[in-house]
Amino acid sequence: MLLIPDEKITELLDYEKLIEALRDIFQSDYTMPVRHHHFYHTPEGIENTLILMPVWNSEYLGMKQVTVVPANATQNMPSIFAQYILSDSKTGKPLAIMNATELTARRTACTSALASAYLSREDAENLLIVGGGSVAKHLVQAHRTIRNLKNVNVWMRNPAKMGEFVADLKSQGILAEGVTNLEEASRRADIISCATLSKTAIIKGEWIKQGTHLDLIGSHKPTTRETDDDSIRKSSIFVDSRAGALHETGELALPIADGIITESDIKADIVELVKGNHEGRSSREEITLFKSAGLAIEDLAAALLVFKSF
């Protein structure tokens, strides 16, 4: 069994190659059971999340274990840790094990970028990143693979971390600027990409101009969300999967419970977009919303890209 080091994962998960690997695997045959969510408490009474994500096809079987620990931020530690085991689906033989933290962050950002290829305007120039965690740092590069972005704004609650985040982008030759007024930045943005652990809505529908694409990643519990009901009302809604986004995330579960929308208001999932079963964006003025809950098949695409290139 291969033990794949972190530096090889970073090296081999090129954004453009991963986006194409995701596009290909979404069109393939696979079995993906509903993932397991388990919530447990630390001795201090803090709730953490354990997620188990299996998937398999005729050749490979993958399993990811994820822990989400929001309190880690106070100790300058990542909020998410994950491990991935890739096996032969015919024999069950383990083939590789790898740290899935970087793998998860990159596949999440690239899935959002893939969705943006169908949902954002082709002439989108202004990207707003909300959040600064492990996923957020990849969103700029992933979205730049899809769109010719000219301006990147970053908003974070922690000014010092935001300064470091922006400096890192500038060191890569990316024109980026930290912003303190989230409303003004939202009103300018063509694409708003949120990857936070916020428990309540931080993006308001009244801020969103016509033609904007909302990319929502952070909400992973039925009680948390990043946008308000007004954003939901005025958007054409797309998801990575109905099973995950509608029931596991408060972004859509809460508006459904309140009668703001129904499950039938979901236009399509990403597989339907990739296969051409839905056209995606239908006009320049349309506001589109993509809710990502994360799929095991995305992890398999990333793990196979690493394994086959190692």
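The model shown is predicted, which means the values in this text are computed figures rather than measured ones.

A. Spatial organisation of the layout of surface pockets. Within this model, the largest pocket holds a volume of roughly 1400 Å³. The set of elements that each furnish at least two residues to the lining of the largest pocket consists of β3 (47-56), β4 (60-68), α3 (100-119), α4 (136-146) and α5 (159-171). The dominant element in the lining of the largest pocket, judged by the number of residues it contributes, is α3, at six residues. The class makeup of the residues in the lining of the largest pocket is 20 nonpolar, 18 polar and nine charged.

B. Summary view of the pairing of strand β11 (residues 213-216). Here β11 shows a buried face lined by His213 and Asp215 and a second buried face lined by Leu214 and Leu216. Where strand β10 (residues 191-194) and β11 come together, four bridges link them in parallel fashion. Bridge pairing in β11 places Ser193 opposite Asp215. Of the strand pairs in this sheet, β11 and strand β14 (residues 288-291) are connected by four bridges, and their pairing is parallel.

C. Just unusual backbone geometry, in detail. Phi angles above zero are rare outside glycine, and Asn76 is one such case at about 55°. Among the secondary structure elements, Asn76 is positioned in the loop between β4 and β5 (80-88).

D. Representation of the pattern of salt bridges within the structure. Within this structure, the stated rule accounts for 17 salt bridges. Residue Arg23 is joined to Glu20 by a salt bridge in which the shortest nitrogen-to-oxygen separation is 3.3 Å. With Arg23 and Glu20 both in helix α2 (residues 15-26) and three residues apart, this pair spans about one turn of that helix. A residue is classified by how much of its surface remains accessible, and Glu20, at 35% relative accessible area, is partly exposed. A salt bridge links Arg106 to Glu102, with the shortest nitrogen-to-oxygen separation between them at 2.8 Å. Taken together, the residues Arg106 and Glu102, both in helix α3 and four residues apart, mark about one turn of the helix. Taken together, the salt bridges that share partners define one network made up of Arg121, Asp123, Asp190, Lys209 and Arg284.

E. Geometry of the environment of Met162. One can find Met162 in helix α5. Relative accessible area serves as the criterion here: at 9%, Met162 is assigned to the buried category. In this structure, the C-alpha to C-alpha distance between Met162 and Glu177, residues 15 residues apart in sequence, is 9.3 Å. With near-sequence residues (within four places) excluded, Met162 lies in contact with Val154, Trp155, Met156, Gly178 and Val179.

F. Representation of the side chain of Glu298 in the model. For Glu298, the position within the fold is in helix α11 (residues 296-309). Contacts of Glu298, omitting those with residues within four sequence positions, involve Leu22, Phe26, Arg107, Thr111 and Asp240.

G. Region of the structure containing the packing of aromatic side chains. Evaluated as defined, the whole model comprises one aromatic pair. Consider the rings of Tyr60 and Phe307, whose centres lie 6.3 Å apart with planes at 75°: the pair is edge-to-face. Taken together, the positions of Tyr60 in strand β4 and Phe307 in helix α11 put the pair 247 residues apart, joining distant regions of the chain. Summarising the burial analysis for this pair, Tyr60 and Phe307 share the class buried.

Cut-offs used in this document
- Residues numbered from 1 in each chain as written.
- Predicted model: local features only at pLDDT ≥ 70, side-chain atom pairs only at ≥ 80, totals over all residues.
- Heavy atoms only, no water.
- 1 Å grid on protein atoms, 1.4 Å probe; cavity = no way out; pocket = protein on both sides within 12 Å on 5 of 7 lines; lining within 4 Å.
- Points joined across faces, edges and corners; volume = space filled by probe spheres on them.
- Helix = DSSP H or I, 4+ residues; strand = E, 2+ residues; numbered from the N terminus.
- Nonpolar A, V, L, I, M, F, W, Y, C, P; charged D, E, K, R; others polar.
- Buried < 20%, exposed > 50% of the residue type's maximum accessible area, 1.4 Å probe, protein only.
- Pairing = 2+ DSSP bridges.
- Salt bridge = Lys/Arg side-chain N within 4 Å of Asp/Glu carboxyl O.
- Contact = heavy atoms within 4.5 Å.
- Phe/Tyr/Trp six-rings, centres within 6.5 Å; stacked < 30°, edge-to-face > 60°.

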